[in-house]
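Working through the structure, step by step
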Amino acid sequence: MQKQTLAFQAEVAQLLKLVTHSLYSNPEIFLRELISNASDACDKLRFESLNDAGLYEGDAELKVRVSFDKAARTLTITDNGIGMSQQEAIEHLGTIAKSGTRDFMAKLSGDQKNDAQLIGQFGVGFYSGFIVADKITVESRRAGLPAAQGVRWVSDGTGEFEVGEIERAERGTSIILHLKDDATEYLNAWKLKGIINKYSDHISLPILMPKEEWKEGENDQPGEMVTTGEWETVNQAAALWTRSKKDITQEHYDEFYKQISYDSEAPLATTHNRVEGATEYTQLLFIPAKAPMDMFNRDKAAGVKLYVKRVFIMDDAQALMPTYLRFVKGVVDSADLPLNVSRELLQESRAVKAIREGNTRRVLSMIEDLAANDAGKFKTFYAEFGAVLKEGLGEDFANRERLAKLLRFASSTTDTTTVSLADYKARMKEGQDAIYYITADTLAAAKNSPQLEIFRKKGIEVLLMADRVDEWALNYLNEFDGTPLQSVAKGAVDLGKLQDEDEKKAAEEAQTQFKPILDKLKEVLKDKAKDVRATTRLVDSAACLVVQDGDMSTQLARLLKQAGQ
Ligand code: ADP
Ligand code: MG
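Remember, it's a predicted structure, so these values are computed and weren't measured experimentally.

Brief notes about the site of ligand 1
Asn37, Ala41, His92, Gly125 and Phe126 are the nearest of the 16 residues found near ligand 1. Listed by contribution, the elements that provide at least two residues to the shell around ligand 1 are α2 (29-49) and α3 (86-94). For the shell around ligand 1, the leading source of residues is α2, giving five residues. Grouping the amino acids of the shell around ligand 1 by side-chain chemistry returns six nonpolar, six polar and four charged.

Considering the confidence of the model for the protein chain
Detailed reading of predicted coordinates is not advised where the pLDDT is low. Summarising the model, the protein chain shows a mean pLDDT of 86, and 84% of its residues fall at 70 or more. Overall fold confidence for the complex sits at a pTM of 0.66, while the interface term, ipTM, reaches 0.99.

Some thoughts on helix α9 (residues 350-373)
An ideal rise of 1.5 Å per residue puts 34 Å on 24 residues; α9 measures up with 34 Å between its terminal C-alpha atoms. Three or more residues of α9 are buried, namely Val352, Ile355, Arg356, Asn359, Thr360, Val363, Ile367 and Leu370. Those residues of α9 hidden inside the fold are in contact with β10 (269-275), β11 (281-287), β14 (329-334), α8 (343-348), α10 (375-395) and α11 (400-406).

What about the nonpolar core?
Leu320, Val328, Tyr437, Ile438, Val462 and Leu463 are the most contacted members of the largest nonpolar core, which totals 65 residues. Counting residues in each nonpolar core, the second largest holds 51 residues, with Val12, Val19, Ile77 and Ile176 among its members.

Here we look at unusual backbone geometry
Positive phi is not limited to glycine here, since Asn219 has a value of about 50 degrees. Along the chain, Asn219 turns up in the loop between β8 (207-215) and β9 (224-233). One non-glycine residue with positive phi stands out, namely Asp220, at about 70 degrees. When you line up the elements, Asp220 lands in the loop between β8 and β9.

What about the sheet that holds strand β20 (residues 483-487)?
Read across the open sheet, the six strands follow the order β16-β15-β18-β17-β20-β19; overall the sheet is mixed. The strands lining the two open edges of the sheet, one partner per strand, are β16 (414-419) and β19 (479-480). Summarising the sheet, strand β17 (residues 435-439) and β20 pair through three bridges and their orientation is parallel. The partner of Ile435 across the bridge, within β20, is Leu485.

Definitions and limits used
- Residues numbered from 1 in each chain as written.
- Chains lettered and ligands numbered in written order.
- Predicted model: local features only at pLDDT ≥ 70, side-chain atom pairs only at ≥ 80, totals over all residues.
- Near = placed C-beta within 6 Å.
- Helix = DSSP H or I, 4+ residues; strand = E, 2+ residues; numbered from the N terminus.
- Nonpolar A, V, L, I, M, F, W, Y, C, P; charged D, E, K, R; others polar.
- pLDDT = per-residue confidence, 0-100.
- Expected span 1.5 Å × (residues − 1).
- Buried ≥ 20, exposed ≤ 12 C-beta atoms within 10 Å, placed from the backbone.
- Contact = placed C-beta atoms within 7 Å.
- Core = buried A, V, L, I, M, F, W, Y, C linked by C-beta atoms within 7 Å.
- Pairing = 2+ DSSP bridges.

Right, here's the structure in full:
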């Protein structure tokens, strides 16, 4: 056999060192990672077989087998999925191809304790095998390649790995872990079944283990468990979302969520439904408890996976969820789409449109439910995702009213971001006929704006807004429940019935009285200001800038300038 020794990509070497040397708090997740890779490999085979059924090589019963050899101290995970060619083994196991892992690497601090926690959060896939093994042998053959083109990949998890060609009749991959001295506990069927049950029950493939039987000891020897030579399925082997809700615990959902989202925390909310009607589908959707770092990137991949009749079709199916709900994770499985559906086709499909609308409604009711029944969770939700939700005002006209009800703001009379538009309306002064708001860079700037003086004097509440998206989003919300929204920074704010006759007269008088000065100021500022007016809106400050009604606000103008417009 021809062998070559290759060095890991520098980042992998660094990662491996970290994995092996950090006190890993949850070592058993290695099995979850390896089983999930086996399951991915079977998904890939199923998918490629749609165009080339020959890849099954007469064996379409995809499965994962987990077995161990006490004497040799090895634990082996075998799948009959897509397998790897020699080149693929070199690339996929020797370099970091996954962008998530690269992001992870970028966050490493060098501090072992923090970094170990990070690993726990991300899961480092294949390399987690080195938590329990001091050597890993991978044997594989890619579906469709001849038996002579199998590959063996061996590494002790330090700087290098070895690859060579082997003869391998079975398609797919075996991961053979040579267990460390302190990992003997994994040479135990009961222990392994427990881990599989905890982390991999929802995997839709059967996971098999050698069947064991109790054998009484002879001649006073103690009895022991012995293998019978048969295999038994040790998981439920049904994709979680296809199972009946009553058979699924929240722990199962949480575990499934963690696996698809790479999140270490449980989700904030979960919804699981079979939707019947013109378009039939199953939705299993989660709201995370924490926003990802790149949430404001609107091109960011969405988090919903698409399955058609339980066959995995694609990650990040953007067409299944509006952009402003891109933080939602989950799975949609529909029988009404063709298996060979492409991203382009998805955009045009009527079934997909129905699914997207259904998903949107469902997510909004999840949020409404939090708002109504769980103030603590709703607060977390709003702090993490409130700003993204506001994008929906401009994006989703059909649900604008529902969205508006979910918004919360700070105001000139409260210190927390908890005021709903309905709360505000309920507190409006008699005679007040608009919902007043002000936008600024920060809440403090909004709160201290001279434009609020008159409102404060009259005891009128003003909503304070400082999210980047507010200005833009509020353009799409002209009114709430019949009451117009009005920026206090625009034009001559008409306080309507709230302004008493005396004030109106005083304003008119001031206009005449100060005419000479105003004319002079207008002359001096003629390139800088459109108009200079005397006003009653200020109480303590001498002057303030306002924009003309219908013009861009100063805040929006600044934003656009920042964006280079
Ligand atoms: P991820 O699964 O997130 O891509 P991993 O580190 O778990 O990252 O695996 C790296 C890559 O190695 C996989 O993307 C896949 O290409 C390859 N791989 C790992 N395990 C298997 C397997 N059992 N069968 C085929 N390919 C595999
Ligand atoms: Mg993986």
